[in-house]
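Each chain, written out:
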Amino acid sequence: MYKAIFVDIDGTLRDNNRQLSQKTIDTVKKVTDKGILVILCSGRPRKYTEEVSKMCCASKYIITSNGGNIYDYEENRVIYSNIMNKEAILKLYEIANSVDAQFIMNVGEGRVVNKVTKPDEEKEIEGNIHEFVYKNDIVQCIIADKDFDRIKNLIPKIEKVKNVEIKNRHKSLIDPNYPRDNTIYCDVANIESSKGNAIEKLCQYLNIDLKDVISIGDDFNDLSMFEKVGLSVAMKNANEIVREKADEITLSNEDNGVAVFLEEIILK
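From a predicted model like this one, the values you see are computed outputs, not experimental measurements.

This part covers the packing of helix H2 (residues 22-33) against helix H10 (residues 257-267). At a minimum axis distance of 9 Å, the contact between H2 and H10 shows a crossing angle of 25°. For the element pair H2 / H10, the angle class is roughly parallel. Between H2 and H10 the crossing geometry is left-handed. Residues Lys23, Thr24, Thr27, Val28, Lys30 and Val31 of H2 lie in contact with H10, whose contacting residues are Ala259, Val260, Leu262, Glu263, Ile266 and Leu267.

Next up, the structure:
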């Protein structure tokens, strides 16, 4: 009997317009009503992930910032946090600033940035960047811009920064056929930080055997989840490499793939 299901948000739980269908909400609630934990596992910051988790009636536990933080939002308790190397953050800031790209830091429950593009989600850095970095615990940085080539050309420089690595990037940076959005990005965190490692830590905390766990995702940062759990599920809209690594494939995020899978495996 499965005891926990870890689900990615973008490209997995929600459709391409970042909306949760009523079918998905209803299905997740039915699963949680059976006593099975549905835990959102995202590259997004804590507050954002918490809001989505509450909207779809999922668990009080969330994994955010690509595994950099595990949080219990009902108890307001940080279960685990993988704080980034300070010197690495400052180097990443220099790289982004050199081409006037947006630099985002996941701090606490939200995001602090060098220039605000989404006022409802972001807060501008106050004061000196060095002072801010050394006074705050940062679990993930994102370098983003509308210009595809600008971010693409920064990748070799990002990859040279010690103690960190790119955890995820816009799909167009990997697949030339993938459409380019308004924001091209790279998520960067500590080398040992991953969704998979966070799942392992949370399962230890909850005394859940990993063989009794399912993970569902669509992107390269979800592969670390697949490696840890008893059953891995890829969305139909996932990259071919991601689909090949999964035990099963469900319908796309546009066709309620998560809800359909949960109905078949858990609710029948």
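Attention now goes to the sheet that holds strand E3 (residues 61-64). With respect to topology, eight strands assemble into an open sheet ordered E5-E4-E3-E2-E1-E12-E13-E14, the strand pairing being mixed. Strands at the two margins of the open sheet, each flanked by one partner only, are strand E5 (77-81) and strand E14 (248-250). Direction aside, neighbouring strands of the sheet carry axes that sit 20° apart on average. Pairing geometry for E3 and strand E4 (residues 69-72), over four bridges, is antiparallel. Note that in E4 the partner of Ile62 across the bridge is Tyr71. With respect to the sheet, H10 is in contact with strand E1 (4-7), strand E12 (213-217), strand E13 (231-235) and E14, its orientation differing from that of E12 by roughly 160°.

Ranked by internal contacts, the top residues of the largest apolar core, which has 32 residues, are Leu92, Phe103, Met105, Ile138, Ile143 and Ile158. Broken down by element, the residue count for this core peaks at seven residues, all from helix H4 (residues 86-97). Apart from residues no more than four positions distant in its own chain, Met105 is found in contact with Ile89, Gly110, Arg111, Val112, Ile125, Ile129, Phe132, Val133, Ile138, Gln140 and Cys141. Ranked by size, the runner-up nonpolar core spans 24 residues in total, among them Leu20, Ile36, Val38 and Leu40.

Here we take up the pairing of E3. Burial along E3 is two-sided: Tyr61 and Ile63 facing one way and Ile62 and Thr64 facing the other are all buried. When strand E2 (residues 37-41) meets E3, the two strands line up parallel, connected through two bridges. Bridged to Leu40 within E3 is Ile62. With respect to chirality, the unit in which E2 leads through helix H3 (residues 46-55) into the neighbouring parallel E3 is right-handed. The loop that links E3 with its antiparallel partner E4 comprises four residues; one of these, Ser65, has a positive phi angle of about 55°.

This paragraph deals with helix H7 (residues 195-206). Along its twelve residues, H7 runs 16 Å from first to last C-alpha, staying within 8% of the 16 Å computed at 1.5 Å per residue. Looking at H7, one finds that the buried residues are Lys195, Gly196, Ala198, Ile199, Leu202 and Cys203. Angularly, the buried residues of H7 cover 160° about the axis, an arc narrow enough to put them on a single face.

The subject of this paragraph is the layout of surface pockets. If you add up the space inside the largest pocket, you get close to 1,000 Å³. Secondary-structure elements contributing two or more residues to the lining of the largest pocket are helix H1 (9-13), strand E6 (102-107), strand E9 (138-145), strand E10 (164-169) and strand E11 (184-190). Here the lining of the largest pocket gets three residues from one element, more than from any other, and that element is E9. Across the lining of the largest pocket, the residue classes break down as six nonpolar, 14 polar and 19 charged.

Not every positive phi belongs to a glycine, and Ser65 is a case in point at roughly 55°. Positionally, Ser65 belongs in the loop between E3 and E4. We classify Ser65 as buried; its relative accessible area is 2%. A positive phi angle is found at Asn66, which is not glycine, with a value near 55°. Position of Asn66 among the secondary structure elements: in the loop between E3 and E4. Looking at Asn66, the relative accessible area reads 1%, which means it is buried.

Sheet strands pair by backbone hydrogen bonding; their relative direction is either parallel or antiparallel. Within the open sheet, the six strands sit side by side as E8-E7-E6-E9-E11-E10. Their pairing is mixed. Whereas interior strands pair on both sides, the edge strands pair on one side only; in this sheet they are strand E8 (122-124) and E10. In this sheet, adjacent strand axes meet at a mean angle of 30° when their direction is disregarded. In terms of strand pairing, E10 meets E11 through five bridges, oriented antiparallel. Each residue of the ladder has a partner; that of Arg169, found in E11, is Cys186. Running at roughly 155° to E6, H4 makes contact with E6, E9, E10 and E11 of the sheet. Lying over the sheet, helix H6 (residues 148-159) contacts E9, E10 and E11, oriented at roughly 20° with respect to E11.

Definitions and cut-offs
Within each chain, residues carry numbers counting from 1 in the order of the written sequence. With the structure being a predicted model, the display of local features is reserved for residues of pLDDT at least 70 and the display and counting of side-chain atom pairs for 80 or more, all residues being used for whole-chain, interface and lining totals. Computation of side-chain values: all heavy atoms of the structure, hydrogens and water removed. Orientation is described by axes fitted as lines to C-alpha atoms, over the contacting stretch for helices, and by angles from 0 to 180 degrees between their N-to-C directions. Secondary structure follows DSSP: runs of H or I at least 4 residues long count as helices, runs of E at least 2 residues long count as strands, and numbering of each begins at the N terminus. Angles below 35 degrees are treated as roughly parallel, those above 145 as roughly antiparallel, those between 65 and 115 as roughly perpendicular, and all remaining angles as oblique. Note on convention: near helix rotated counterclockwise from far helix by under a right angle means a left-handed crossing. Clockwise means right-handed. Should any heavy atoms of two residues lie within 4.5 Å, those residues are considered in contact. Note: two strands are recorded as paired if DSSP finds a minimum of 2 bridges between them. Buried Ala, Val, Leu, Ile, Met, Phe, Trp, Tyr and Cys residues form a nonpolar core when they are joined through side-chain atoms within 4.5 Å. Type-normalised accessible area, obtained with a 1.4 Å probe on protein chains alone, sets the label of each residue: buried when under 20%, exposed when over 50%, and partly exposed for intermediate values. Whether a crossover is right-handed depends on one test, that the path from the first strand over the helix to the second runs clockwise when the strands point away from the viewer. A helix is expected to reach a length of 1.5 Å times the quantity of its residues less one. The directions from the helix axis to the C-beta atoms are what the arc is built from. Using protein atoms alone on a 1 Å grid, points that fit a 1.4 Å probe yet trap it form a cavity, whereas open point sets bounded by protein on both sides within 12 Å along at least five of seven lines form a pocket; residues with an atom within 4 Å of a point count as lining. Grid points are joined across faces, edges and corners, and a volume is the space filled by probe spheres set on the points. Gly counts as polar in this scheme, as do all residues outside two lists: the nonpolar Ala, Val, Leu, Ile, Met, Phe, Trp, Tyr, Cys and Pro, and the charged Asp, Glu, Lys and Arg.

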